[in-house]
Amino acid sequence: ITKDLMPSYGSIQKLYARNKDLVTLCEDKVLTIFVDKDILYNADGNTQMLATNRVLGTAEPFKGNFGISKNPESFAAESFRAYFTDKQRGAVLRLSKDGLTPISKAGMHDWFRDNLPKYTSLIGTYDSYKENYNITLSNTYVENIIFNTYFQQGVEAEEIQGSLLNIIEN
């Protein structure tokens, strides 16, 4: 099963399954793709619903010019809401039943616009106790610093873990 999306949306960074749709977060757009159903149009323009278990249906973009940039690690979901950042546009967003809402506009638009592009890693989590979306901004290595490694058969997991920690610390 394949689905073509407009190249102007950028690459797909994150897929998130909800009840009967698949939220597709691209670099420059957020879409919902209906699963197990497709909308067919008659010659007169009226729609008819067709249901099958082998269909990725119509891809409908959410209103707003936002995406997830190249930071799928900023995504966090809680019940019917999802949160993520759009680094390119300097925004923190909430996706809920009413669509996309830039929650960073509640008094912090300038700060996020100025600071999100400075960091390489934007890690999002959701605290269900305090009912808050948390974002951790950090600069991490963009290259894998562990190279030329191999595992020998019969080596205990603790020895491997200790060796990797020594490599990282050095």
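Residues numbered from 1 in each chain as written. Predicted model: local features only at pLDDT ≥ 70, side-chain atom pairs only at ≥ 80, totals over all residues. Heavy atoms only, no water.

A. Main features of the pairing of strand 1 (residues 12-17). Note: strand 1 against strand 2 (residues 21-26), five bridges, orientation antiparallel. When the bridges of strand 2 are listed, K14 appears paired with L25. Between strand 1 and strand 2, which pair antiparallel one after the other, the connecting turn spans three residues. (Pairing = 2+ DSSP bridges. Helix = DSSP H or I, 4+ residues; strand = E, 2+ residues; numbered from the N terminus.)

B. Structural detail: the nonpolar core. Residues L25, V30, F75, F84, L95 and L100 are the most contacted members of the largest nonpolar core, which totals 13 residues. Taken together, the elements giving at least two residues each to this core come down to strand 2, strand 6 (81-86) and strand 7 (91-96). At three residues, strand 7 tops the list of elements feeding residues into this core. When residues no more than four places from it in sequence are discounted, the contact partners of F75 are K14, Y16, L25, I68, A82, Y83, F84 and G124. (Core = buried A, V, L, I, M, F, W, Y, C linked by side-chain atoms within 4.5 Å. Buried < 20%, exposed > 50% of the residue type's maximum accessible area, 1.4 Å probe, protein only. Contact = heavy atoms within 4.5 Å.)

C. Fine view of the packing of aromatic side chains. The full count for this structure, using the stated rule, is four aromatic pairs. Arranged with centres 5.6 Å apart and planes meeting at 15°, the rings of Y83 and Y126 form a pair that is stacked. Residue Y83 is located in strand 6, and its partner Y126 is located in strand 9 (residues 121-127); the two are separated by 43 residues in the primary sequence. Y83 gets classed as buried once you look at its relative accessible area, which sits at 8%. (Phe/Tyr/Trp six-rings, centres within 6.5 Å; stacked < 30°, edge-to-face > 60°.)

D. Up close: the sheet that holds strand 8 (residues 99-102). Strand order in the open sheet formed by four strands is 5-6-7-8, and the pairing between neighbours is antiparallel. Both outer strands of the open sheet, strand 5 (76-78) and strand 8, are each paired with one neighbouring strand and no more. Neighbour-to-neighbour, the strand axes of the sheet open up by a mean angle of 25°, direction not taken into account. Bridging between strand 5 and strand 6 involves three bridges; their strand directions are antiparallel. The residue of strand 6 that forms the bridge with E78 is R81. (Axes fitted to C-alpha atoms, helices over the stretch in contact; angles between N-to-C directions.)

E. Main features of unusual backbone geometry. At S69, a position not held by glycine, the phi torsion is positive, near 55°. By the secondary structure assignment, S69 is in the loop between strand 4 (47-61) and strand 5. Positioned with a positive phi, S79 is a non-glycine residue whose angle comes to about 45°. You can see S79 is positioned in the loop between strand 5 and strand 6.

None of this, on its own, says anything about what the molecule does.
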